Amino acid sequence: MLNYLWAGMILLGIIVGALTGNLDGITNAALDSAAEAITVGITMLGIMAMWTGLMRIAENSGMIVAISQKMGPLLRYLFPDLRPKSKALEYISTNLIANVLGLGWAATPAGLKAMEELQKINGGKNVASKEMCMFLIINMSSLQIVTISVLAYRAQYNSLSPSEIIGPGFLATLISTIFAVAYTKFMERRVFGR
């Protein structure tokens, strides 16, 4: 569906450009944007490689396990029906840690593995379990202390203070996460009666 939307917007832009006599502007913008996309892509690749590497070091050093154990009370509240040492909780905590650090690309593999484990626990049913719903809603609200990609974009475009987004970004994602968890817990009680 998105392919059709993008294709439609591009086609509409070309038609409007042709009707207004701005085809040269469209051509120049397309070439400039392609060059800029390469530059931003290379910048983001370096940042992603560094942070993904740091996540791997944290994982191999046992830091992720230590942080996961500290997150135990929170994880037990969010996912009360999961066993404390389950593989699903390990993947969930890795995903949450990566998301909190603003490393969405590093969080994705752990998130997919967590959903696979949650589906195994769910017994292969075609209906999502409450744990799957909670995990999904937490990922969608995406609590982040540091938004690495936004910082990188702001630095790329010569922002005077790229890090000024950290406070407002954290506050906005904290509020969205609190409301998301509260809504999900409310719906759990309403649907499951506890």
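One structure accompanies this document, and this report is about it. Given the structure is predicted, the values throughout are model-derived calculations rather than measurements. (Residues numbered from 1 in each chain as written. Predicted model: local features only at pLDDT ≥ 70, side-chain atom pairs only at ≥ 80, totals over all residues. Heavy atoms only, no water.)

### Focus: the overall build of the protein chain
Definition in use: Strands are runs of DSSP state E lasting at least two residues, helices are runs of H or I lasting at least four, and both sets are numbered from the N terminus onward. Note that the radius of gyration is over C-alpha atoms, with the globule rule given as 2.2 Å times the number of residues to the power 0.38. Burial here depends on accessible area, computed with a 1.4 Å probe over protein chains only, as a share of the maximum for the residue type. Under 20% is buried, over 50% is exposed, and the range in between is partly exposed. Residue contacts follow a heavy-atom distance rule, with two residues in contact if any of their heavy atoms lie within 4.5 Å.
Along the backbone of the protein chain there are nine helices and zero strands. For the protein chain, the C-alpha radius of gyration of 21 Å lies well beyond 16 Å, the compact-globule estimate for 194 residues. Expressed as lengths along the three principal axes of its C-alpha atoms, the size of the protein chain is roughly 65 × 40 × 30 Å. Relative to its 194 residues, the protein chain shows a buried fraction of 29%. Taking the contacts inside the protein chain whose residues are at least 6 apart along the sequence as the reference set, 64% of them involve residues at least 24 apart.

### Here we look at the packing of helix H7 (residues 130-141) against helix H9 (residues 166-192)
A packed helix pair is summarised by two numbers, namely the angle formed by the two axes and the spacing between the axes. Test applied: Every angle, taken between N-to-C directions, lies between 0 and 180 degrees, and every axis is a line fitted to C-alpha atoms, over only the stretch in contact when it is a helix. Put simply, angles under 35 degrees are roughly parallel, angles over 145 are roughly antiparallel, angles from 65 to 115 are roughly perpendicular, and the rest are oblique. When the near helix sits turned anticlockwise from the far one by under a right angle, the crossing is termed left-handed; a clockwise turn instead gives a right-handed crossing. In this count, Pro and Cys sit with the nonpolar residues alongside Ala, Val, Leu, Ile, Met, Phe, Trp and Tyr, while Asp, Glu, Lys and Arg are called charged and the others, Gly among them, polar.
At a minimum axis distance of 9 Å, the contact between H7 and H9 shows a crossing angle of 160°. By the criterion of interaxial angle, the relationship of H7 to H9 is roughly antiparallel. The interaxial crossing formed by H7 with H9 has right-handed handedness. Every residue of H9 that contacts H7 at Lys130, Met134, Ile137, Ile138 and Ser141 is listed here: Thr173, Ser176, Thr177, Ala180, Val181, Thr184, Lys185, Glu188 and Phe192. Broken down by class, the residue content of the contact of H7 with H9 amounts to six nonpolar, five polar and three charged.

### Concerning the side chain of asparagine 122
Among the secondary structure elements, asparagine 122 is positioned in the loop between helix H6 (104-121) and H7. Every residue in contact with asparagine 122, bar those within four places of it in the chain, is listed here: Val127, Ala128, Ser129 and Met132.

### Comments concerning a nonpolar patch on the surface
Condition: Only residues whose relative accessible area exceeds 30% and that take part in no salt bridge are eligible for patches, with like-charged residues grouped when within 9 Å of each other and nonpolar side chains (Val, Leu, Ile, Met, Phe, Trp, Tyr) grouped when within 5 Å. Reported accessibility uses the Shrake-Rupley method at a 1.4 Å probe radius. Residues are deemed covered only where the shown protein chains occlude them. Basic side-chain nitrogens of Lys or Arg form a salt bridge, by our definition, when they fall within 4 Å of a carboxyl oxygen of Asp or Glu.
A cluster of nonpolar side chains, Met1, Leu2, Tyr4, Leu5, Trp6, Met9, Ile10, Ile14 and Leu23, forms an exposed patch at the surface whose accessible area comes to about 1,100 Å². Of the residues forming the nonpolar patch, the biggest block, seven residues, is contributed by helix H1 (residues 2-20). Within the element layout of this structure, tryptophan 6 appears in helix H1.

### Quick look at H7
The criterion, for reference: A helix is expected to span 1.5 Å for every residue after the first.
In a regular helix each residue adds 1.5 Å, so twelve residues correspond to 16 Å; H7 covers 16 Å between its end C-alpha atoms and thus fits that length. The set of residues buried in H7 consists of Lys130, Glu131, Met132, Met134, Phe135, Ile138 and Ser141. Contact partners of the buried residues in H7: helix H4 (72-78), helix H5 (87-100), H6 and H9.

### Section: the environment of isoleucine 121
Of note, isoleucine 121 is situated in helix H6. Considered as a pair, isoleucine 121 and leucine 82 are 39 residues apart in the sequence and their alpha carbons are 8.7 Å apart. In this structure, isoleucine 121 is in contact with Leu82 and Ala88, ignoring residues within four places of it in sequence.

### What to know about the packing of H5 against H7
It is at 10 Å that the axes of H5 and H7 come closest, and there the two elements cross at 10°. With respect to each other, H5 and H7 are oriented roughly parallel. Two packed elements cross with a definite hand, and for H5 against H7 that hand is left-handed. When H5 is examined against H7, the residues Ile92, Asn95, Leu96 and Asn99 are found in contact with a partner set consisting of Phe135, Ile138 and Asn139. Partitioning the contact of H5 with H7 into residue classes produces four nonpolar, three polar and no charged.

### Let's talk about the environment of methionine 132
Here methionine 132 is to be found in helix H7. Exposure remark for methionine 132: the relative accessible area of 11% places this residue in the buried category. For the pair methionine 132 and glutamate 117, spaced 15 residues apart in sequence, the C-alpha to C-alpha distance is 9.8 Å. Setting aside chain neighbours within four positions, we find methionine 132 in contact with Met115, Leu118, Gln119 and Asn122.

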